[in-house]
Structure formats: C-alpha cells, structure tokens
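# Residue-level structural notes
One letter stands for each residue in the lines below.
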Amino acid sequence: KSLSFMKFKYPTDNDERDTQGENKKTGRGSFEHLFTCKYHEAKNLTVTALCWNKKYLDMFAVGYGSYEFTPGKALKGMITIFSLKNTEFPLYVFKTHSGVMSIDFHPMYPNLLACGMYDGTVAVFDVMSKEKTPIFLADDPNKKHWEPVWQVRWKKTVPGKPNSFTSISSDGRIVDWVMAKTELENIEVMSLKVNEKLEHEEDDEQQEASPGLAGGTCFDVSQSEDLYVVGTDEGKLRLYSKQYDTECVEKFNGHHHQIYTACWNKFNPKVFLTCSEDWCVKLWHLNCFEPIISFDLGRPVGDVQWAPYSSTVFACVCNGNFIRLYDLNVDKHEPLAEYQVPRKSKKKSSLTHLAFNPRDPVILVGDERGTVQVYKLSPNLRKMTASTLDKLEVDTETKKLENVLILDGKINKIFKKTDVGHKAESKTAGGEDAAAAE
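Let us look at the structure shown here.

As a further point, take the overall build of the chain. Counting its regular elements, the chain contains 7 helices and 28 strands. Looking at the chain as a whole, 57% of its 438 residues are labelled buried. For the chain, contacts bridging at least 24 residues in sequence account for 51% of all contacts bridging at least 6. Of the roughly 20300 Å² of accessible surface on the chain, 49% is carried by carbon and sulfur atoms.

With that settled, consider the layout of surface pockets. Taken as a whole, the second largest pocket spans an internal volume of roughly 470 Å³. As for the second largest pocket, its lining consists of 21 residues, of which Lys38, Lys344, Asp367, Arg369 and Thr371 are closest to the centre. Of the residues assigned to the lining of the second largest pocket, the class counts are 5 nonpolar, 9 polar and 7 charged.

To continue, consider the sheet that holds strand E27 (residues 362-367). Pairing between sheet strands relies on hydrogen bonds along the backbone, with the strands arranged either parallel or antiparallel. Pairing is antiparallel across the open sheet formed by 4 strands, whose spatial order is E1-E28-E27-E26. Strand pairing shows two members of the sheet lacking a second neighbour, strand E1 (31-37) and strand E26 (351-356), which therefore form its edges. Within the sheet, the average angular offset between the axes of one strand and its neighbour, ignoring direction, is 25°. Pairing between E27 and strand E28 (residues 372-377): 5 bridges, direction antiparallel. Looking at E28, one finds that valine 362 is bridged to lysine 376.

Residue placement: phenylalanine 82 occurs in strand E4 (residues 77-83). Judged by relative accessible area, which is 0%, phenylalanine 82 ranks as buried. Separated by 21 residues in sequence, phenylalanine 82 and alanine 61 have C-alpha atoms that sit 6.3 Å apart. Among residues more than four places away in sequence, those in contact with phenylalanine 82 are Cys37, Lys38, Asp58, Met59, Phe60, Val62, Tyr64, Thr87, Phe89, Pro90 and Leu91.

Let's shift gears to the nonpolar core. Ranked by internal contacts, the top residues of the largest apolar core, which has 23 residues, are Val281, Leu283 and Phe314. Listed by contribution, the elements that provide at least two residues to this core are strand E19 (271-276), strand E20 (280-285), strand E21 (293-296), strand E22 (301-306), strand E23 (313-318), strand E24 (322-327) and helix H5 (394-408). With residues near it in sequence (within four places) discarded, leucine 283 still touches Val271, Phe272, Leu273, Pro291, Ile292, Ile293, Trp306, Leu328 and Leu405. Core analysis: the next-biggest nonpolar cluster, separate from the first, contains 21 residues, Leu45, Tyr64, Leu84 and Val93 among them.

Scoring rules and cut-offs
- Residues numbered from 1 in each chain as written.
- Predicted model: local features only at pLDDT ≥ 70, side-chain atom pairs only at ≥ 80, totals over all residues.
- Heavy atoms only, no water.
- Helix = DSSP H or I, 4+ residues; strand = E, 2+ residues; numbered from the N terminus.
- Buried < 20%, exposed > 50% of the residue type's maximum accessible area, 1.4 Å probe, protein only.
- Contact = heavy atoms within 4.5 Å.
- Areas by Shrake-Rupley, 256 points an atom, 1.4 Å probe, with all protein chains shown as cover.
- 1 Å grid on protein atoms, 1.4 Å probe; cavity = no way out; pocket = protein on both sides within 12 Å on 5 of 7 lines; lining within 4 Å.
- Points joined across faces, edges and corners; volume = space filled by probe spheres on them.
- Nonpolar A, V, L, I, M, F, W, Y, C, P; charged D, E, K, R; others polar.
- Pairing = 2+ DSSP bridges.
- Axes fitted to C-alpha atoms, helices over the stretch in contact; angles between N-to-C directions.
- Core = buried A, V, L, I, M, F, W, Y, C linked by side-chain atoms within 4.5 Å.

Geometric descriptors of this kind do not, in isolation, establish any biological role.
As structure tokens, this is what we get:
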C-alpha cells in the first residue's frame, strides 16, 4: 500500500514523454490515472463536492447527493473521507438526512468539515470523532436556508473569536454561521436582488418590477475578505463589497445560464474565473465589464479551479467526461492536456467536480455515478517559477498573469471608468489610458 501511495512521486512513462518528441516542442502534457475511489453505498449518488484537507494533504472529503431535483432524489446524502494511502475504502463515512451539496475543510483545524445540504440545512462534522453525527446542525426552519446550499466556505480564524463559515443558497441569501457554544448562530450577510442597482445607475422600471431575490449558486471571497464575487442561477455575475455594507458595487456581462463556479486567482487579487451551463469558462478582471478571455468548450462546464502552483494554470471538467487543463502562459486558446475519462457502463454520466492537491501534482475528479478518479499531472502540466511551492513569489506570479492579460490587449479596450470597490469618483490609471487611446 505504501508503495502504491507513492506512485505519483516517481517518474513514469508519461513523464518521459514530456521531455521528448512532440510534447517537448509544444509543451503539451497528459493525465496519468493513479486510483479509483468509490464506496458501495454511494453507488447511485452523484459526487456533488470535493475538498482536500489543508493539513493532512493525503486526505480528502467527498460529498454525495443529486442534481436531479425531483421528489425523493435528494433525500439521501453522504460524506466519505478518503486517504491516498488507502483508496479502496474510506476512513470515515457520515450519512446525512438530505443530499450533500457542498463541503469545506477548515484551514486551521483539520478535523472540522462544514457541509451544506439540499434542504437548506448546514452542519459541521468532526471527521476524527467516533460520533457519526454533526457536532453542529442548523436545521431550524426559522434559521436555515429554504433551498439548496450550493457552497460553504470557512472564514479566516480571528484570535479570541469562534470559528465561522459562509454559505450561499438558491433562496437568494448569503449567510455567516458562527460556532457558538451550543448552536450555529446565523448572521445574514446579504440578499441577492434579481436586479441590483449600482450607485451611479439611473432608476430602471424593470428593476422596480422585479423585487424578488436571485438564486445564488456560487461565490468566492477575496484574500482581503472584503470583496465577494457571486454567480446566480440565471447567469448573472456580480461583485459585492463589505466596505459598503455588502452592497453590489459592480455587475459583469456574465453568462447565459447558471454559473457553477466562481474563483479568485490565488496570486492576482484582481482576476477570477467562472464556468457555466452555457458551455463557457470565462476569465475576468475586476475593472472590465466583459471577460478578458472566453473559452467555449461546446458542452456544459461543471467546475473550474485554479492550480495552486501557477497563476496561469487552471483545469475544468465538462459533460462528456472531459478534463481539460490550460496554461495561459503557454497557450491562451487551447488546453495543454485533454482527457476523456472512460465509461465503465453504458449509462451516460458526466464529470461534476475537480480539486487540485495543495502540494502534490495530483488532481481529483468526481462524476455522476459516485466515483472519484485520482490523476497525476505530467511535468509539462505542473511547471513552476520556483523549485517548491513555499518558494513561489507572489509578485512574480502576479506579473506573469498580468503579462498574459496585456498581450491579449482586450483589457485596455473595455476598461471601466471607475475603480471597483470605490464609490464611482476617480478614474483608474488604466481607464485614463484607455480614454486617451480612444
């Protein structure tokens, strides 16, 4: 078992292909299958969430539920905890009364796992406890969400204060949950209006005619924890700022259908990615109405994630069982690797989620049949500007991505007149340059 676990540590035939022939010329790479992780009781469930532990980097959690929102389909849920040291059977199994929609390991306390469910319930599990029930559960109809919780995310730990996490739901609310002594206390952060009005916008009759809430499907919080990028089930993409009482400070010309993922770049605080049911992955800059680069993949895209080792590398999964990995520093239009995961049955299934390991060249991919595949990235797919992750320089990575955006040329054509996060008063340097160019 230990030798099998170390498979991704040693050179393989795939690694050698990257140093010779066509791959050496083009910079292309490949995915090498390592393990298949599945649990017999989750056979008919969908992998709805994947998350690596932030301390024990061989450990990961899998959330199971269903995306078929029909009566009875989402009544059963489960969480399994696997280790790369033994992928044949989970270390821990937690069953839930409703389908699991989202999970997140705490960044400092490796035993704490937050969970959001189909019926609007949120919970916290101690994954290393002998008890198989959550240590915190918010299922009170007067407090919990009313619709599926699409994402949960732990907040930074503040010394002297209890741990807390944030959730987003189809009910149009983003809520903070605080681990008090005996229960989860809820604090509503914001409500997502169907038609948000920016401070500098004029009144619109359509806005007044649509007073309801928009169904939130994904969010990500900036490293400074003051900016929220939020996607909705109608494809709308917005930016909210805590500096201004969590009001909407910007609207982007987003997607045409539901947005599944929004994620900030890990090095550049002004760049983020989104993916959608409308077949597209889009790369955005805070100061641009339109996407800097748009990738039409020809099929719905279930998830997209930035790599932890490079500011220009990301991967996505889409219908048809395809995994694609891009490095914008090498090619801004075509993936460096594309792989179609083989189907082992005649039943159609799609890939749903992926997750990069925080340290090793390993990626997880989940599907609609409750299976998680583990792949190793070949050397061309994991190039870094430093010898190890902890030696990466943020400035170097930030400039690398900025150079890609400048080469694209689009950022100067559609630069906004105002600096996002500030009250529509002063122009950015980029905005002045663009105006001068015109």
